[in-house]
Amino acid sequence: MTLMTPPPLDGFVWVDKQEDEEMLIPHSDLVEGPQPMEAQAETASLADNLPVDDPPTSRFTWTIGNFSRLNIKKLYSEVFIVGGYKWRILIFPKGNNLDHLSMYLDVADSHNLPYGWSRYAQFSLAVFNQIHQKYTVRKDTQHQFNSRESDWGFTSFMPLSDLYNPGRGYLVNDTCVVEAEVAVRKVQDYWSYDSKKETGYVGLKNQGATCYMNSLLQTLYHIPYFRKAVYHMPTTENDMPSGSIPLALQSLFYKLQYSDSSVATKELTKSFGWDTYDSFMQHDVQELNRVLCEKLEDKMKGTVVEGTLQQLFEGHHMNYIECINVDYKSTRKESFYDLQLDVKGCQDVYASFDKYVEVERLEGDNKYHAEEHGLQDAKKGVLFIDFPPVLQLQLKRFEYDFMRDSMVKINDRYEFPLQLDLDREDGKYLSPEADRSVRNLYTLHSVLVHSGGVHGGHYYAFIRPTLSDQWFKFEDERVTKEDMKRALEEQYGGEEELPPNPGFNNTPFKFTKYSNAYMLVYIRESDKEKIVCDVDEKDIAEHLRIRLKREQEEKEDKRRYKAQAHLFTIIKVARDDDLRQQIGSDIYFDLVDHDKVCSFRIQKQMPFNLFKEEVAKEFGIPVQFQRFWIWAKRQNHTYRPSRPLTPQEEAQPVGQLREIVSKVNNAELKLFLEVELGQDLSPIPPPEKTKEDILLFFKFYDPEKEELRYVGRLFVKSSDRPIEILSKINEMAGFALDEEIELYEEIKFEPCVMCEHLDKRTSFRLSQIEDGDIICFQKSASLDIEDQYRYPDVPSYLEYVHNRQLVHFRSLEKPKEEDFSLELSKLNSYDDVVERVAAHLGLDDPSKIRLTSHNCYSQQPKPQPIKYRGVEHLSDMLVHYNQSSDILYYEVLDIPLPELQGLKNLKVSFHHSTKDDVVVHNIRLPKQSTVEDVLNELKTKVELSHPNAKLRLLEVFYHKIYKGLMELICQESSGRNWSSLAATSRLVEGSEIFPPNEKIENINDQYWTLRAEEIPEEEKSLGPHDRLIHVYHFTKESAQNQMQVQNFGEPFFLVVHEGETLAEVKARIQKKLQVPEEEFSKWKFAFLSLGRPEYLQDSDIVSNRFQRKDVYGAWEQYLGLEHSDNAPKRAYAANQNRHTYEKPVKIYN
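Fair warning: this is a prediction, and the values are worked out from it, not measured in the lab.

## Brief notes about the overall build of the protein
Check the secondary structure of the protein and you find 28 helices and 59 strands. The buried share of the protein, reckoned over its 1149 residues, is 54%. Partitioning the intrachain contacts of the protein with sequence separation of at least 6 by distance along the chain shows that 68% fall at a separation of at least 24. About 53400 Å² of surface is accessible on the protein, with carbon and sulfur atoms providing 47% of the total.

## Observations regarding helix α27 (residues 1062-1073)
In this model α27 runs 16 Å from its N-terminal to its C-terminal C-alpha over twelve residues, within 8% of the 16 Å that 1.5 Å per residue would give. Turning to α27, its buried residues number three or more, namely Leu1062, Val1065, Lys1066, Ile1069 and Gln1070. Seen end-on, α27 carries its buried residues on one side only, within an arc spanning 135°.

## Concerning helix α10 (residues 349-356)
Here α10 has its buried residues at Val349, Tyr350, Ser352, Phe353 and Tyr356. Each buried residue of α10 sits inside an arc of 160° when the element is viewed along its axis, so together they form one side. The residue sitting at the N-terminus of α10 and contributing the capping side-chain oxygen is aspartate 348; that oxygen lies 3.2 Å from the backbone nitrogen of tyrosine 350.

## A few points about the pattern of salt bridges
Considering all chains together, one arrives at 68 salt bridges under this definition. Between aspartate 773 and arginine 634 there is a salt bridge, and its shortest N-O distance comes to 2.6 Å. Within this pair, whereas aspartate 773 is found in the loop between β41 (754-757) and β42 (774-779), its partner arginine 634 is found in the loop between β33 (627-633) and β34 (639-644), the two being separated by 139 residues in sequence. On the basis of relative accessibility, which here comes to 2%, the residue aspartate 773 falls in the buried class.

## Overview of the sheet that holds strand β39 (residues 707-717)
Picture the strands of a sheet paired through backbone hydrogen bonds; they go either parallel or antiparallel. Reading across from one edge, β39-β38-β42-β40-β41 is the order of the five strands in this open sheet, with mixed pairing throughout. Two strands close off the open sheet at either side, each with one partner strand: β39 and β41. Put simply, the sheet's adjacent strands are angled 30° from each other on average, direction ignored. The pairing of strand β40 (residues 741-748) with β41 spans four bridges and is antiparallel. Considered in β41, the bridge of tyrosine 744 is made with histidine 757.

## A short note on the packing of aromatic side chains
Enumeration according to the criterion identifies 48 aromatic pairs in this entry. Taking the centre distance of 4.4 Å and the plane angle of 10° together, the rings of phenylalanine 60 and phenylalanine 80 count as stacked. One end of the pair, phenylalanine 60, is in strand β4 (residues 57-64); the other, phenylalanine 80, is in strand β6 (residues 80-82), and 20 residues separate them in sequence. No difference in accessibility class separates phenylalanine 60 from phenylalanine 80, as the two residues are buried.

## Topic: the sheet that holds strand β13 (residues 315-323)
Strands sit in the order β14-β13-β19-β16 across an open sheet of four strands; the sheet is antiparallel. Both edges of this open sheet fall to β14 (329-336) and β16 (360-362), since each of them pairs with a single strand only. Strand-to-strand twist of the sheet, defined as the mean angle between neighbouring strand axes without regard to direction, takes the value 25°. Taken together, the three bridges between β16 and strand β19 (residues 378-386) define a ladder with antiparallel strand orientation. From the neighbouring strand, leucine 362 faces β19, where its bridge partner is alanine 378.

## Section: the packing of helix α3 (residues 211-221) against helix α8 (residues 285-300)
Here α3 crosses α8 at 55°, and the two axes come no closer than 9 Å. When the axes of α3 and α8 are compared, the pair comes out oblique. Relative to α8, α3 is oriented so that their crossing is right-handed. Residues Tyr212, Met213, Ser215, Leu216, Leu217 and Leu220 of α3 form the contact with α8, whose participating residues are Val285, Leu288, Asn289 and Leu292. Among the residues forming the contact of α3 with α8, the class breakdown is eight nonpolar, two polar and no charged.

## A word on the pairing of strand β27 (residues 478-482)
Along β27, four of the five residues are buried, which leaves the element largely enclosed by surrounding structure. Bridge count between strand β26 (residues 471-475) and β27: five bridges; the pairing is antiparallel. Bridging across to β27, phenylalanine 472 finds its partner in lysine 481. Linking β26 back to β27 in an antiparallel pair, the connection comprises two residues, with aspartate 476 at a positive phi of about 55°.

## Concerning the packing of α3 against helix α5 (residues 245-258)
Geometrically, a packed helix pair is captured by the angle between its two axes and the distance between the axes. Remark: α3 packs on α5, axes separated minimally by 11 Å, with the N-to-C direction vectors making an angle of 75°. Put simply, α3 runs roughly perpendicular to α5. Judged by residue contacts, Leu217, Gln218 and Tyr221 of α3 engage Leu249, Leu252, Phe253, Leu256 and Gln257 from α5. Taken together, the residues that form the contact of α3 with α5 break down as six nonpolar, two polar and no charged.

## What about the pairing of strand β31 (residues 568-574)?
Taking burial as the measure, the seven residues of β31 include six buried ones, the bulk of the element. Pairing of β31 with strand β32 (residues 598-603), which is carried by six bridges, proceeds in the antiparallel orientation. Bridged to phenylalanine 568 within β32 is glutamine 603. Both β31 and strand β35 (residues 669-674) contribute to a ladder of four bridges, which runs parallel. By the bridge assignment for β35, valine 573 is matched with leucine 671.

## Things to note about the side chain of serine 215
Along the chain, serine 215 falls in helix α3. Here tyrosine 212 takes part through its backbone oxygen, which lies 2.9 Å from a polar atom of the side chain of serine 215.

## Quick word on the environment of glutamine 635
With respect to the helices and strands, glutamine 635 occurs in the loop between β33 and β34. Along the primary structure glutamine 635 and lysine 748 are separated by 113 residues, whereas in three dimensions their C-alpha atoms are 10.0 Å apart.

## Considerations on a negative patch on the surface
On the surface, a cluster of negative charge is contributed by Glu817, Glu818, Asp819 and Asp886. Mapped onto the elements of the fold, aspartate 886 is located in the loop between β48 (883-884) and β49 (887-892).

## As for the confidence of the model for the protein
When the pLDDT values of the protein are averaged, the result is 82; 84% of them are 70 or greater. Counting interchain partners and residues more than four positions distant, the pLDDT-below-50 stretch residues 965-993 has 74 contacts.

## Considering the environment of serine 335
Tracing the chain through its elements places serine 335 in strand β14. Excluding residues that lie within four positions of it along the chain, serine 335 makes contacts with Glu314, Gly315 and His316. Looking at serine 335, its side chain comes within polar contact range of the side chain of glutamate 314, at 3.5 Å.

## Some points on unusual backbone geometry
Residue proline 751 follows glutamate 750 across a cis peptide bond; omega there is 0°. Of note in this structure, aspartate 174 is not a glycine but carries a positive phi near 60°. Looking at the secondary structure, you find aspartate 174 in the loop between α1 (160-163) and β12 (176-185). Residue classification places aspartate 174 among the buried residues on the basis of a relative accessible area of 17%.

## A closer look at the environment of lysine 960
Along the chain, the position of lysine 960 falls in strand β53 (residues 960-966). By relative accessible area, lysine 960 is classed as buried at 13%. For the pair lysine 960 and asparagine 1047, spaced 87 residues apart in sequence, the C-alpha to C-alpha distance is 7.8 Å.

Definitions and limits used
- One numbering rule holds for all chains: residues counted from 1, following each sequence as written.
- In keeping with the model being predicted, local features are shown solely for residues with a pLDDT of at least 70 and side-chain atom pairs are shown and tallied solely at 80 or more, while totals for entire chains, interfaces and linings include all residues.
- Hydrogens and water are ignored here; the side-chain numbers use all heavy atoms of the structure.
- Secondary structure counts use DSSP, requiring at least four H or I residues in a row for a helix and at least two E residues in a row for a strand, with both numbered from the N terminus.
- For the exposure calls, accessible area comes from a 1.4 Å probe over protein chains only, and a residue counts as buried if that area is under 20% of its type's maximum, exposed if over 50%, partly exposed in between.
- Note on contacts: a residue pair qualifies if any of its non-hydrogen atoms lie within 4.5 Å across the two residues.
- Throughout, the Shrake-Rupley method with a 1.4 Å probe supplies accessible areas, and for residues the shown protein chains are the sole cover considered.
- One less than the number of residues in a helix, times 1.5 Å, gives the span that helix is expected to have.
- Directions pointing from the helix axis toward each C-beta atom define the arc.
- Any pair of nitrogen or oxygen atoms within 3.5 Å is treated as a polar contact; in protein, a donor-acceptor pairing is required on top of that, and neighbouring residues in sequence qualify only through side-chain atoms on both sides.
- The salt bridge definition used is simple: a Lys or Arg side-chain nitrogen within 4 Å of an Asp or Glu carboxyl oxygen.
- In this analysis, strands are considered paired if DSSP registers two or more bridges between them.
- Comment: axis = line fitted to C-alpha atoms, over the contacting stretch for helices; angle = value between 0 and 180 degrees taken between N-to-C directions.
- Between the rings of Phe, Tyr and Trp (Trp by its six-membered ring), a pair exists once the centres lie within 6.5 Å; its type follows the angle of the planes, with under 30 degrees stacked, over 60 edge-to-face, and the other angles tilted.
- Roughly parallel means an angle under 35 degrees; roughly antiparallel means over 145; roughly perpendicular covers 65 to 115; every other angle is labelled oblique.
- What makes a crossing left-handed is the near helix being turned counterclockwise from the far one by less than a right angle; a clockwise turn instead makes it right-handed.
- Each residue gets one label: Ala, Val, Leu, Ile, Met, Phe, Trp, Tyr, Cys and Pro are nonpolar, Asp, Glu, Lys and Arg are charged, and the others, such as Gly, are polar.
- Residues with no salt bridge and a relative accessible area higher than 30% make up the patches, which join like charges within 9 Å and nonpolar side chains (Val, Leu, Ile, Met, Phe, Trp, Tyr) within 5 Å.
- Only four residue types enter the charge count, namely Lys and Arg as positive and Asp and Glu as negative; His and the chain termini do not.
- To locate a charge, the coordinates of NZ of Lys, CZ of Arg, CG of Asp or CD of Glu are taken.
- Scored from 0 to 100, pLDDT records how confident the predictor is in each individual residue.

Written as structure tokens, this is what we have:
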């Protein structure tokens, strides 16, 4: 696990991480004081398997009143004691710079503990759900606390939107209940542990939130046949790992096989097309497994290893429907690479397989339409034709909770055997056509574990690489030996009981185990020799071996370099040539960029005088002509030569001199080499320097060319006046000796530029000029000539240089493509910026330009655009937390932005009453407009069936109607008045009807579809007992034979008359939808409440079913039309196990 500081989820800082690895991590400097450390439920085990005593454990409950009115950044709990140590909980009630509650465990007395203290604890933090305890949010992790990391926990513990929503149950009477459960353990030294030495295997480095990927890669790597196939994928010596998935995976596997230390995965994720944002976005391991295998399968096509993944992972099953009373059977063969097994309601893997092949009876209202035989009783199920050599079982630990409208994790106990016999009970899982000669006896190879909940977690893997009795735990960089109990029984999940703690209470405490198996890999016994094969260097392409050995040698050289670093000093020597080359091109302020000057690596024991001989060899400057000056950082943050080295200093060893000169530990020694040249431009001895002598550096500015350049240096007397050296300055610049020039002193440039005019008649001493000062000069010019220049003098030019910013503009419609660049000033106002953009685009009205800032973390536009004159300067547009960007996105609007900001834009889909086409209209109205205004505006854009047609506006989400925003419009129409029609509209069970004066500014069409349609005539004349019901299309999808209702298509309202039978309702629906009889005869009709269908018969009175009130809303009870959905589907359905916070896994290359 990488140690992480809490973000805003934007902004990064470089930190050093082991050897030559560098790593981007989120960072925030917005919170004062020490930053809490981030676990993200992604914490490496520090000592899971080292000998320990029974850990002292206790719980601490913290009740926080008036929670929503807390007006502080962070809040500490009372101190509680566990294991003899003082602890407390730290929370950020409004989030640690992001929209999640942040919560940490803190060592309460860390500031008073002795140097070098540390303690190890396993702990969980929880926010109780005070209405439904099973929805309590709990996250567990573990950490080695020390002086640098005295707090640890979760920056993104839970969304603030959930926490502060009163209906969710986390705040009751404005009280929040928080709990910490802490177990303190004794631990051996974690940092000295050597995985390779202890186990023979190495781990994978975590990039931030890539433990899910690490556990999968270790599992695939330890399937030797898979590894051999990867090695045999064609790659060339010209390929780059960051651009080739096969080469990156070969490189990773090679390093896992032959490296002595943990391996980085950056090259592989770069080959996926991922950026830093992806590395900090945790995904689902099951989904990554599918996407990666899909990609590799594609890359293997046309190569010697084509079809390898099918040979390893592909099995087949048969879906069948068999009629009971007639001779008719329908079958469909399907392939699978993995099987998703139910956990809920199943005791073990065998129970899941039993459920998978369970026969469903299709009878009564649910009869099967068997072509020429019509509706028939039938049985429906799944049987396996063949199983693959490597069987991947994905356990459905996550499922959607309809009552809570959210995903939940199933932590129930679920057992899995070491040996899995899928031929049990006379092959009950096999189809008649299965090859019974193949023995389907499997042995467990890998157990991938998920620890945590739906909002975050940590992955690791237990693997038997050779299928011996010895198990190993692969957890990011750390690999440890494990016993079978640890790998199997402790990963079943369920509950565990802690013994009572005498110091707190005497009742045993049962807690849910949030760490449990999530994916299982079995290898068939009969294929074991083939799968667990030998893989050695002859399987690896020669160019790859050469490349990786060279990388290893370079890495070893760097390691030796670092190991010997304490014996050497780096000396950086700047010369006049460096100043001439850099000033005016690379730099403008100060004198030199020390990273671009000549660098010497010198043994600390070498006398400085011997070092001068090295300089003589490098630059051809004899030792006697060399004089070295020390650079010093001034209080105003400038860096200038301050004084020459003394003879006594030059007699000392380099290392000792560096310690005298630099107060910063391990700092480099930076020097300026002064070399004086004679008339023939050959070196001469440096002049003697007295206290009166001052070394000055000179820069010349040309306002016509807007150029600044270094012209040289001079020694002057402190008692001299600038007017006395003007001829020498002119000579250095190549001007006439009597040229009139103006002088300025460059004083500082951070945080703002200070460059002041220098009085030529005041002595250098009185002007406080000293060694290392910089004098800028330019030719004197009359006022009329100065007006011709943008930056007529040195101060204005330096101000411009300091604030200039090259901004890369992109069209918001094409956010990945750079469009054009403009050089602007950070001090430019909002108006300045949009005027420049408009001028570049040839647009007359700059107010039609709308800009959007760049999110440095996601590398995407920010969600909200910049408001008209909403920021003062360009610098405000480019800053993102503590990061600065150089990207802006632009739009060209059809109306001025100030006008647009006063408008609300709604996308409304209009469904014509007699035509199939649906047209989306953008309705733009003032924010104070009403629903009535929206529909009046829409009437001007659409074709109505007749002039007096009335419209309604609906909110549709996932093929259900959630709100009727307006059941009536057109007050000018004759007939019934608003109140009577509103009463009619309320016959829609549970629907909320808004009056025509409802404001539109609160309507959100970002996630909901707004649908407008004419109100049918039959709805305008409802009888007192008629009902207006919801009608939705649905299909039943079988996920491992577990029925799930899936809505699709366009929902609609339907009037149901009192006493009307289903047969009569069906006739009207068929006419309304214009469905051919042949197809319509296959449709089934059901009353659905909370997703459960009750099939109706033609004689049923439909209105009798729609009497219930104990539902959340009308959308949860409806008339369902069951028939096939002919819309195209993805080859892989969206993973049902994906956590709610995740985006889909994508591999782009």
